[in-house]
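# Close look at the chain arrangement
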There are 2 protein chains.
Amino acid sequence: MRRVPDVTAAPIRVAVLGCGTVGAAVVGALCDPAASAALAGAIGAPIELVGIAVAHADRPRPGIPSSLLVADARALIDSGPDVIVELIGPIPETLELLHAAIDQGASVVTANKALLATHLAALTSRAASRGVDLYYEAAVAGAIPIVRVLRTSLAGQHLTRVLGIVNGTTNFILTTMERERRDYEDVLAEAIARGFAEADPSADVDGHDAAQKAALLASIAFDRVVLDSDVAREGIAKVTAADLDAAGRMGFVVRLLAVAERLGPEAISVRVHPAMVPKDHPLAAVDGAANAVFVEAASGPVMLQGAGAGGSPTASAVLGDLVAAGRNRVARTCEHAPSLDGACRLVELGETTSAFYLALEVLDQPGVLAAVATVFGSNGVSIESMEQIGRAADARLVFLTHPATEAQMAATALQLDKLEAVTALGALLRVVDGPSR
Amino acid sequence: MRRVPDVTAAPIRVAVLGCGTVGAAVVGALCDPAASAALAGAIGAPIELVGIAVAHADRPRPGIPSSLLVADARALIDSGPDVIVELIGPIPETLELLHAAIDQGASVVTANKALLATHLAALTSRAASRGVDLYYEAAVAGAIPIVRVLRTSLAGQHLTRVLGIVNGTTNFILTTMERERRDYEDVLAEAIARGFAEADPSADVDGHDAAQKAALLASIAFDRVVLDSDVAREGIAKVTAADLDAAGRMGFVVRLLAVAERLGPEAISVRVHPAMVPKDHPLAAVDGAANAVFVEAASGPVMLQGAGAGGSPTASAVLGDLVAAGRNRVARTCEHAPSLDGACRLVELGETTSAFYLALEVLDQPGVLAAVATVFGSNGVSIESMEQIGRAADARLVFLTHPATEAQMAATALQLDKLEAVTALGALLRVVDGPSR
């Protein structure tokens, strides 16, 4: 959408807070004549970058005019820009800065998923009452424009479920384990060495990052505040190459999914866990560090797929939001914000139902299966199939159950863990229904 | 985004033109209390369906109040609704009706790809100068919100290529041929019998439908009017099961693609043809009647996937547009429209370059390959690999070339066709580059 901007139009004054990987990519676009002209054309007015707040304003940064660097973020906000682009990250002062920006009458573009996963409601209502925009496309699934699609294209639709591969690190680990038949620790070590995972990988592999994104997706899809602390969460550390093999023989791949699901007219469930995804499901084709979000609506499913992280893809989402906020400034309006006042109940994990995959390390001796099967049966969990993998010390039993509640399955796992013949509980995976295409 | 609509807000008055499959699904949602309330919540004002213009207003339609049915579309427009939803299709009067609606000050939502593929520029500028919205999400790839993503999320980005599977019928035929190793005529006959293809399948299988969508995608992506008559077009009728087999051995699947590609700072190419897609490309996983659009931006690729046709998915796109148009009415604004005044040159097909797959039916006799290879060589087309399939009367030679221009390849094909040893030219497929992930 290039349009020669009206040179008489007042410029959109943009302030950027933070200049890390994403911030530098955003600032790079705003300082590049061609990219800046394209953005101006899309907005219908020129953009003026009025300042960049950084911790060390005196440190030279290649390609960034030093005159734009300031140390005092609050003073930059108080200078009255039209749009604040917040890329500082989760430090304590950020929330206060965003409140100040909104109170000043600035629209806010942020990629701060940790902040939003706790403070979305407060920021949304503050922005709505001040008549400014709050955009956060970059906070969920990087370059994928899922927030805009949920907020506009699918607004007013009856959504039944959102399934997201929203953490590139864990998807890289799982798909690499699957393809190269390597074990979790091995691939994780490689991911850390290659910079695909943090030295402390807990935020990714334990599902914290995915839970923040699940909270945001659920909030937007079901118009109800969901905090990341509301999200039932399980990571991928227990998944082995043998599990991926067994899943493959059963017709599935394993992915860490963020699930936001409607369970009735007024009930939803939000959770993050590794899941068995049928091989013919579009999510099964999402490889490596890519992200994807599969939205099931009454009218059929829609999937969006793309890079989930990285400076340039995330900056792309920020710039898309900047275009939207800028256009609204030109039109002297702001976007209809989600109300987040939906009353639907958040169902406890124990009440939700699915089929399960469970791996058990067991002693290779007679009678083990009978003892194990008795535990399943006494908890009302019906077994669809069982397979023994390996022999002797490496013997594992792998079960696929018929649908049961999480509570039933948790009780089963607890009792199995106490059996003498069971040496360890392995991965517990939820089975996702086939694609409803 | 459910929000209790402001009961004091003036309702958004909506008129629907046409009540076929999509129209009935849209009207069904507007007449359903729960769906209508959800739409009202998303818009921020109630919706009032003021009338439905149909050819036979006296014919009863289940679930639709007969009091809403009118025969005179023009009178309905003149009654001054806020939004006109045009689902009549490509009859000559439609353009005039849309002009009248815009002149009246109504925003327009249309699914009419045939009309837009010729008249997008006139309608866009008329709507912009009248200050109303023109939305057409449902005209391209059904439920997939690609128009909104291109117009907003990716606006101002440097897009390099858009690859679309935008015709569900041909994708169903090709993927069924591939999976069941059946030939084109056989699967086409089944598709017609099952209602997946029209009795006269030409609009689909010859690529006319895909060319209209390619024209729209290119217009939006590159901000320049592209007419469907500008789109180089080739259908799938020459593709055989043996081609799909051979492509598979080479690591590809075959898909009918709409391609809109930037070839330089001021040059684009727009075309529709069957193409060899690498098996690890996300588009290769798009199965059956699904649609998908793969957008390559400087910041990385994004793919959207979903149902491309059918009443309910198409209605979903219409309702998303209705939400956007309604919100803008409430805010007394309209969306920044594409300017379509970009100056980039539309490159002739002959100037474009790719690697090619070419199948030849040949006499099974010595010297044939030498004669064929000489023709390739004399046109400067270098052969990457060759494979003979079948023997005797069924003998076919299958070539994969290194990159060459379409002009070189066309000259090669012309000369090959004149060789005595070549009994028929088979499928000519363009090879798509691997995913730039």
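What counts as what
- Residues numbered from 1 in each chain as written.
- Chains lettered and ligands numbered in written order.
- Predicted model: local features only at pLDDT ≥ 70, side-chain atom pairs only at ≥ 80, totals over all residues.
- Helix = DSSP H or I, 4+ residues; strand = E, 2+ residues; numbered from the N terminus.
- Rg over C-alpha atoms; globule rule 2.2 N^0.38 Å.
- Buried ≥ 20, exposed ≤ 12 C-beta atoms within 10 Å, placed from the backbone.
- Contact = placed C-beta atoms within 7 Å.
- Pairing = 2+ DSSP bridges.
- Axes fitted to C-alpha atoms, helices over the stretch in contact; angles between N-to-C directions.
- Parallel < 35°, antiparallel > 145°, perpendicular 65-115°, else oblique.
- Left-handed = near helix turned anticlockwise from the far one by under 90°.
- Nonpolar A, V, L, I, M, F, W, Y, C, P; charged D, E, K, R; others polar.
- Expected span 1.5 Å × (residues − 1).
- Domains from an automatic or database assignment.

Within chain A one finds 14 helices and 18 strands. Taken over C-alpha atoms, the radius of gyration comes to 24 Å for chain A, in line with the 22 Å a tight globule of 437 residues would show. When its C-alpha atoms are laid out on the principal axes, chain A stretches across 85 × 45 × 35 Å. In chain A, buried positions account for 57% of the 437 residues. In chain A, of all internal contacts separated by at least 6 residues, the share reaching a separation of at least 24 is 75%.

Moving on, we come to the interface of chain B and chain A. Contacts between the two partners involve 53 residues from chain B, matched on the other side by 53 residues from chain A. Elements with a minimum of two residues in the side of chain B that touches chain A: α2 (33-43), α6 (146-153), β11 (290-297), β12 (300-307) and α12 (311-330) of chain B. Top element by residues in the side of chain B that touches chain A is α12(B). It accounts for nine residues. Of the pairings in the sheet, the one linking strand β12 (residues 300-307) of chain A to β12(B) comprises five bridges and is antiparallel in character. From the neighbouring strand, A:Gln305 faces β12(B), where its bridge partner is B:Met303.

The next point concerns the packing of helix α7 (residues 168-180) of chain B against helix α8 (residues 184-193) of chain B. Residue and element names in this part refer to chain B. Where α7 contacts α8, the axes come no closer than 9 Å and their chain directions differ by 130 degrees. Looking at the two axes, α7 sits oblique to α8. For the pair α7 and α8, the sense of crossing is right-handed. On α8, the residues touching Thr169, Phe172, Ile173, Thr176 and Met177 of α7 are Tyr184, Val187, Leu188 and Ala191. Considered class by class, the residues forming the contact of α7 with α8 number seven nonpolar, two polar and no charged.

All names here are of chain B. Among the eight residues in β12, eight count as buried, and that is most of the element. In this sheet, β12 lies alongside β11 in antiparallel orientation, the contact comprising eight bridges. Following the sheet pairing, Ala292 is matched in β12 by Gln305. Between β11 and β12, which pair antiparallel and follow one another directly, the connecting turn spans two residues.

Attention now moves to helix α14 (residues 406-418) of chain A. Helix length check: α14(A), at 13 residues, gives a terminal C-alpha distance of 19 Å against a target of 18 Å (1.5 Å per residue), a fit within 8%. On its buried face, α14(A) is in contact with β14 (353-362), α13 (368-378), β17 (404-405) and β18 (422-431) of chain A.

With phi around 60 degrees, A:Leu340 is a residue other than glycine that occupies positive phi space. Tracing the backbone through its elements, the reader meets A:Leu340 in the loop between α12 (311-330) and β13 (345-346). When the 21 C-beta atoms within 10 Å are taken as the criterion, A:Leu340 is described as buried. We note that B:Asp223 has phi near 50 degrees; this positive angle belongs to a residue other than glycine. Structurally, the position occupied by B:Asp223 is in the loop between α10 (208-222) and β8 (232-233). Overall, the presence of 23 C-beta atoms within 10 Å leaves B:Asp223 in the buried class.

Residues and elements named next belong to chain A. As far as domains go, chain A holds domain 1 (12-142 + 311-330), domain 2 (158-305) and domain 3 (349-431). Here the C-alpha centre of domain 3 lies 22 Å away from the C-alpha centre of domain 2. Counting from both sides, the interface comprises 17 residues of domain 2 and, opposite them, 14 residues of domain 3. Secondary-structure elements contributing two or more residues to the side of domain 2 that touches domain 3 are α11 (241-249), β9 (252-264) and β10 (267-278). Along the lines of polarity and charge, the residues of the side of domain 2 that touches domain 3 split into 11 nonpolar, three polar and three charged.

Turning our eyes to something else, we now look at the sheet that holds strand β4 (residues 83-86) of chain A. All names here are of chain A. Pairing is parallel in the open sheet, where six strands are placed in the order β3-β2-β1-β4-β5-β6. Unpaired on one side and paired on the other, β3 (69-70) and β6 (134-135) mark the two borders of the sheet. Pairing geometry for strand β1 (residues 12-17) and strand β2 (residues 47-53), over six bridges, is parallel. When the sheet's bridge partners are listed, Val14 is paired in β2 with Leu49.

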